[in-house]
Amino acid sequence: MKKKIALIFGVTGQDGAYLSKFLLKKKYKVYGVKRRSSIINTQRVDDIYKDINTKSDFVLCYGDLTDSSSILQLVKKTNPDEIYNLAAQSHVQVSFEVPEYSADVNGLGTLRILEAIKNLNLKKKIKFYQAGTSEMFGRTKEKFQNEKTSFYPASPYGVSKNFAHWITVNYREAYNIYACNGILFNHESPIRGETFVTKKIIQGLIKIKNGTQKKLFLGNLYSKRDWGHARDYVEAMWKMLQQKKPDDYVIATGKNMTIKEFVNKVLKKLNLKIRWIGRGINEKAINIENKNVIIECKKRYFRPVEVDYLRGNANKAKRKLKWFPKTSIDKMIEEMIDYELDNSL
Ligand code: NAP
Ligand code: G4F
């Protein structure tokens, strides 16, 4: 039987790596798109990348979401059954610093892929997955957010993803393209980027425990997030593209907690005993054993506008895709800690 072909934009990212491994197990041929960088940025997929001369089911190609000519060529050359758009300037706080670039990559980048699918009009009906986000709900007041909850994005990142969401719906309706939006809540893993809060907390506290870092500086400790595991969430992406009809789905665990509660969980697992003192920007954690201040809040890590509360309702995905989150937050934290301990020497 002929192998299915997948084209992944954003292959060097957290989800790109998990999805590539998932699809290779399903016997796909995977083309991953990486952008040119001044140092090698393929660490997350090095274990599946074979030398270019070896016949491999995992192939890396250059491309960039800001360059429509590269997108068009890639779609034409690879002739994919499925395209996954995971590429993005994905950091919310950074999007306040580079709003135009974030809008270009995240918003127009999605449009560029859809235009390529539409204009190439290949014999195959290509299926398209768009990496949407709970950040689109932003400053919502709903206790649980689902596919029917109104969007109220609160950052250039959130707004750019809103454009990507609606242009995906629009091309589905206007041109009958098989296109799905996954509205994914936060998902983490041992290979999460170092500047996202879960990885930053785990890396920082392990270094403090080992004596190689003195303090961990954080921002808002009271926003709540619904955290799942990236490994579980890439399976949902694939399931969306295996249905008879394209649709949009929320993917979440349905549980949430504050950043402070997450910190407390990590501290407990590392057996670090602390006492919280102060309020707001002056809130600190003191190591009970040696009285050192090990966590402090810093203004630079607070955002101009915060998304205070996210908690997803993934009932539609559970019902229609038979998708369920498998990894508990405790198991995920333990996995992240173990990885850090193995790689921190
Ligand atoms: P990530 O680790 O930041 O990966 C982003 C990927 O996009 C990287 O491969 C990056 O390449 C690539 N990229 C950035 N700019 C690009 C450009 N101009 N052209 C081509 N590629 C570009 O993000 P992630 O956590 O895997 O998330 C995957 C997607 O899901 C993103 O679209 C994100 O916005 C969305 N999302 C993530 C979450 C989450 O909690 N993780 C939740 C909801 C939605 P480099 O390696 O070169 O930087
Ligand atoms: O880990 P974060 O940076 O993730 P955020 O902003 O929720 O965005 C992530 O999840 C989205 C899905 O909802 C994705 F679409 C997006 O691409 C990304 O993957 O921050 C989480 C929370 C925020 O409320 C932030 O203000 O943690 C708070 N926080 C507190 N101190 C911090 C810090 N965040 C970061 N990055 N660094 C801190 O020092």
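Just so it is clear, the model here is predicted, and its values are computed rather than measured.

Chemist: Describe the environment of Gly 10, with residues and values.
Modeler: Examined against the element boundaries, Gly 10 turns out to sit in the loop between strand E1 (5–9) and helix H1 (14–25). Leave out the neighbours within four places in its chain, and Gly 10 touches Gly 16, Val 33, Leu 86 and Ala 87.

Chemist: Run through a positive patch on the surface, naming residues and quoting values.
Modeler: A cluster of basic residues, Lys 148, Lys 245, Arg 319, Lys 320 and Lys 322, forms a positive patch at the surface. For Lys 322, the location among the structural elements is in the loop between helix H9 (315–321) and helix H10 (329–343). Lys 322 sits in the exposed class, given a relative accessible area of 54%.

Chemist: Any details on the packing of helix H2 (residues 68–78) against helix H4 (residues 99–120)? Residues and values, ideally.
Modeler: Two packed helices can be described by the angle between their axes and the distance between those axes. Running from amino to carboxyl end, H2 crosses H4 at an angle of 45°, the nearest separation of the two axes being 9 Å. Taken together, the axes of H2 and H4 are oblique relative to one another. Where H2 crosses over H4, the handedness of that crossing is right-handed. Counted together, Ser 68, Ile 71, Leu 72, Val 75 and Lys 76 of H2 and Gly 109, Arg 112, Ile 113, Ala 116 and Leu 120 of H4 form the full contact between these two elements.

Chemist: Help me get a handle on the pattern of salt bridges, residues and values and all.
Modeler: Following the criterion strictly, the structure yields 19 salt bridges and no others. Between Glu 115 and Lys 118 there is a salt bridge, with its nearest N and O atoms 2.8 Å apart. Of the two residues, Glu 115 and Lys 118 are both situated in helix H4; the distance of three residues between them amounts to about one turn of the helix. Overall, the relative accessible area of 24% leaves Glu 115 in the partly exposed class.

Chemist: Just give me the short version of the packing of aromatic side chains, but keep the residues and values in it.
Modeler: Aromatic ring pairs are defined here through the distance separating the ring centres and the angle between the ring planes. Scanning all chains against the criterion turns up eight aromatic pairs. Ring centres 5.3 Å apart and planes at 45° place the aromatic pair Phe 137 and Phe 151 in the tilted group. With Phe 137 in the loop between strand E5 (127–133) and helix H5 (156–175) and Phe 151 in the loop between E5 and H5, this residue pair connects regions lying 14 residues apart in the sequence. Between Phe 151 and Trp 166 the ring centres are 6.3 Å apart and the planes differ by 65°, which places this aromatic pair in the edge-to-face class. Taken as a pair, Phe 151 in the loop between E5 and H5 and Trp 166 in helix H5 lie far apart in primary sequence, 15 residues in all. An aromatic cluster of at least three residues, connected via ring pairs, comprises Phe 137, Phe 151, Trp 166 and Phe 185. The ring centre of Tyr 301 lies 3.3 Å from the NZ or CZ of Lys 200, which sits over that ring. Taking the ring centre of Tyr 249 as reference, the NZ or CZ of Lys 316 above it sits at 5.0 Å.

Chemist: I'd like to hear about the site of ligand 2, residue by residue, with values.
Modeler: Near ligand 2 lie 24 residues; those nearest to it are Thr 133, Ser 134, Tyr 157, Arg 303 and Glu 306. At a separation of 2.7 Å, an oxygen atom of ligand 2 approaches a polar side-chain atom of Lys 200. Separating an oxygen atom of ligand 2 from a side-chain N or O atom of Ser 223 is a distance of 2.7 Å. Out of a free accessible area of 720 Å², ligand 2 has 96% covered by protein chains. A per-class count over the shell around ligand 2 returns nine nonpolar, nine polar and six charged.

Chemist: Please provide a residue-by-residue account of the side chain of His 187, values included.
Modeler: Within the fold, His 187 resides in strand E7 (residues 187–188). Here Asp 15 takes part through its side chain, which lies 2.6 Å from a polar atom of the side chain of His 187. Not counting the four nearest positions on each side in its chain, His 187 is found in contact with Gln 14, Asp 15, Arg 192, Gly 228, His 229, Ala 230 and Tyr 233.

Chemist: Which residues make up the side chain of Glu 296, and what values go with them?
Modeler: Looking at where Glu 296 falls in the secondary structure, it is placed in strand E15 (residues 293–297). Residues in contact with Glu 296, not counting those within four places in the same chain, are Lys 215, Leu 216, Phe 217, Leu 218, Glu 283 and Lys 284.

Chemist: Let's hear about the environment of Lys 26: which residues, and what values?
Modeler: Structurally, Lys 26 is set in the loop between H1 and strand E2 (29–34). Residue Lys 26 is classed as partly exposed on the basis of its relative accessible area, which comes to 39%. The sequence separation of Lys 26 and Lys 3 amounts to 23 residues, and the corresponding C-alpha distance is 9.4 Å.

What counts and what doesn't
- What you see as residue numbers is a count from 1 along each chain, following the sequence as written.
- Note on labels: chains are lettered from A, ligands numbered from 1, in written order.
- Per-residue local features are limited, in this predicted model, to residues with pLDDT of at least 70; the limit for side-chain atom pairs, both in listing and counting, is 80 or more; totals at the level of whole chains, interfaces and linings are taken over all residues.
- Here the side-chain values reflect all heavy atoms present in the structure, with hydrogen atoms and water set aside.
- Going along the chain from the N terminus, every DSSP run of H or I of four or more residues is numbered as a helix, and every run of E of two or more is numbered as a strand.
- Contact criterion: two residues are considered in contact whenever any of their non-hydrogen atoms come within 4.5 Å of each other.
- Each patch is built from residues that are more than 30% exposed by relative accessible area and take part in no salt bridge. Like charges join if they lie within 9 Å; nonpolar side chains (Val, Leu, Ile, Met, Phe, Trp, Tyr) join within 5 Å.
- Shrake-Rupley sampling with a 1.4 Å probe provides the accessible areas, and residues are treated as covered by the protein chains on show and by no other component.
- Here a salt bridge means any side-chain nitrogen of Lys or Arg lying within 4 Å of a carboxyl oxygen belonging to Asp or Glu.
- Counted as positive: Lys and Arg. Counted as negative: Asp and Glu, with His and the chain ends omitted from the count.
- Note that the charge is assigned to NZ on lysines, CZ on arginines, CG on aspartates and CD on glutamates.
- Whether a residue is buried, partly exposed or exposed follows from its accessible area with a 1.4 Å probe, protein chains only, as a fraction of its type maximum: under 20%, in between, or over 50%, in that order.
- Helix axes are fitted to C-alpha atoms over the stretch in contact, other axes to C-alpha atoms as well, and angles between N-to-C directions run from 0 to 180 degrees.
- In what follows, roughly perpendicular refers to angles from 65 to 115 degrees, roughly parallel to angles under 35, roughly antiparallel to angles over 145, and oblique to any angle outside these ranges.
- Handedness of each helix crossing follows the sense of rotation of the near helix against the far helix: counterclockwise by less than a right angle gives left-handed, clockwise gives right-handed.
- Pairing of aromatic rings covers Phe, Tyr and the six-membered ring of Trp, with a centre-to-centre limit of 6.5 Å; geometry is then stacked below 30 degrees between planes, edge-to-face above 60, and tilted otherwise.
- Either the NZ atom of lysine or the CZ atom of arginine qualifies as a charge over a ring when it sits within 6 Å of the ring centre and within 35 degrees of the ring normal.
- Nearness here has a simple test: a residue counts as near a molecule or strand if at least one of its heavy atoms is within 4 Å of that partner.
- Here a polar contact is taken to be a pair of N or O atoms separated by no more than 3.5 Å, where protein atoms must pair a possible hydrogen donor with a possible acceptor and residues adjacent in sequence count only if both atoms sit in side chains.
- In this classification, Asp, Glu, Lys and Arg are treated as charged, Ala, Val, Leu, Ile, Met, Phe, Trp, Tyr, Cys and Pro as nonpolar, and every other residue, Gly included, as polar.

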